[in-house]
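Coordinate analysis (summary)
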Amino acid sequence: ITILGIESSCDDTSASVLRDGVIHSNIIATQTVHMAYGGVVPELASRAHQQNIIPVVDQALKEANVTADEIDAVAFTRGPGLLGSLMVGTSFAKGFALSKNIPLIEVNHLKAHILAHFIDDLKNTYDHPGFPFLALLVSGGNSQIIIVKDHMEMEVIGETIDDAAGEAFDKCAKVMGIPYPGGPVIDKRAKEGNPLAFEFSRPKIQGLNYSFSGLKTSFLYFIRDKVKVNPNFIEENMNDLCASLQYTIVDVLMNKVKRAVRETGIKEVAIAGGVSANSGLQNAMKETASKQGWKVYIPQLGYSLDNAAMVAITGYFKYLNKDFVEQDTAPFARMTIK
Ligand code: ATP
Ligand code: FE
């Protein structure tokens, strides 16, 4: 079975060809127009998707060495995301399915982030999580703890009541003058800094939920006060600021995951979403796993951030269930895990 996956929920246009669970191509065109604005500008994103979608699909087919006629089904991200962005991928997928007379499969972007753990590489070396497992989904728009019961059935047991972890990284980065998206830059600078140099206030939220808006505000005030005294404060302390901020965010994330493991008794834990690329989070996961006897799953390189391979693998599972949609399907910007 050969599936074409299409992802266009935010600011990356991506297409991927998957054959029997194995990825043969995963092309990602990342939009750079947003860097100057400190966040994604929806109108600019949908325009860039329109420009990118056909060349990206062409390249994905070419790299996989398949023709459009060899595709058995097309899977696309229906939501959540920016409506105008989703519209481009959805329309393309509908047109492609119609012209080739093949099934159309809608994919939930959040589930796809998690199901990226089931992608096989050509050598089949990646160990997949076993059901049920816990997923920490941390991205630009979401921070959730999820019980994954099977490929399609997932239950959210904790989530952020305000900002997502990725948003906390990006907004604090913006305060330091780092262009969007700041998460990867903080990760890099943190490696050279002292994680205990500064202390920031931590959320006091009951249960398994998260909150990151207080941290963002306390970071903003902290910087503002320091800069009043020393205008070069940020520049002089950038590495320590990044290390301390990352240490705090990772610690907050880990504390609730530990609690979720205690409460559910599930000791298989997978991280997913853009922030799962963070080296501090990956290290904390591995360390805790060896201390507590968990089994952890870190996404393979390239499958943390938005990509169409995760859409294709989700589409593959739905294909096996004959879970198809009709041509009247429309994007669903506020789609959730449920
Ligand atoms: P969602 O998946 O919730 O719809 P999204 O698709 O916009 O949101 P992703 O692409 O999954 O989000 O993740 C993007 C986020 O990941 C950004 O906030 C970015 O800063 C963050 N991110 C990426 N790499 C790293 C890293 N190494 N360290 C920290 N954050 C990172
Ligand atoms: Fe995403």
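Predicted model only: the values in this text are computed from it and were never measured. (Residues numbered from 1 in each chain as written. Chains lettered and ligands numbered in written order. Predicted model: local features only at pLDDT ≥ 70, side-chain atom pairs only at ≥ 80, totals over all residues.)

**Here we look at unusual backbone geometry**
In this structure, the amide linkage connecting Gly79 to the following residue, Pro80, adopts the cis form with an omega of -5°. By secondary structure assignment, the location of Pro80 is in the loop between β4 (73–79) and α2 (83–100). Phi angles above zero are rare outside glycine, and Asn65 is one such case at about 65°. With respect to the helices, strands and loops of the structure, Asn65 is situated in the loop between α1 (42–64) and β4. For Asn65, a count of 11 C-beta atoms within 10 Å translates into the label exposed. (Helix = DSSP H or I, 4+ residues; strand = E, 2+ residues; numbered from the N terminus. Buried ≥ 20, exposed ≤ 12 C-beta atoms within 10 Å, placed from the backbone.)

**Some thoughts on the UniProt feature "binding site: Fe cation" (unreviewed entry) in the protein chain**
The feature "binding site: Fe cation" (unreviewed entry), as annotated in UniProt, sits at His109, His113 and Asp306 in this numbering. Spanning 198 residues, the named residues nonetheless gather at one spot, since no C-alpha pair among them exceeds 8.7 Å. Looking at the element boundaries, His113 is found in helix α3 (residues 109–115). A count of 29 C-beta atoms within 10 Å places His113 in the buried class. (UniProt positions renumbered as here; feature names shortened; annotations may be inferred.)

**Details of the nonpolar core**
Judged by nonpolar contacts, the single largest core of 88 residues is most densely connected at Val74, Ala116, Ala135 and Ala309. Excluding its chain neighbours within four sequence positions, the residues that come into contact with Ala135 are Ile114, Ile146, Val148, Ala270 and Ala272. One finds Cys10, Ala45, Ala48 and Leu82 within the second-largest nonpolar core, a separate group that totals five residues. (Core = buried A, V, L, I, M, F, W, Y, C linked by C-beta atoms within 7 Å. Contact = placed C-beta atoms within 7 Å.)

**Details of the confidence of the model for the protein chain**
With 99% of its residues at a pLDDT of 70 or more, the protein chain has an overall mean of 96. Reported confidence for the predicted complex is 0.99 by ipTM and 0.96 by pTM. (pLDDT = per-residue confidence, 0-100.)

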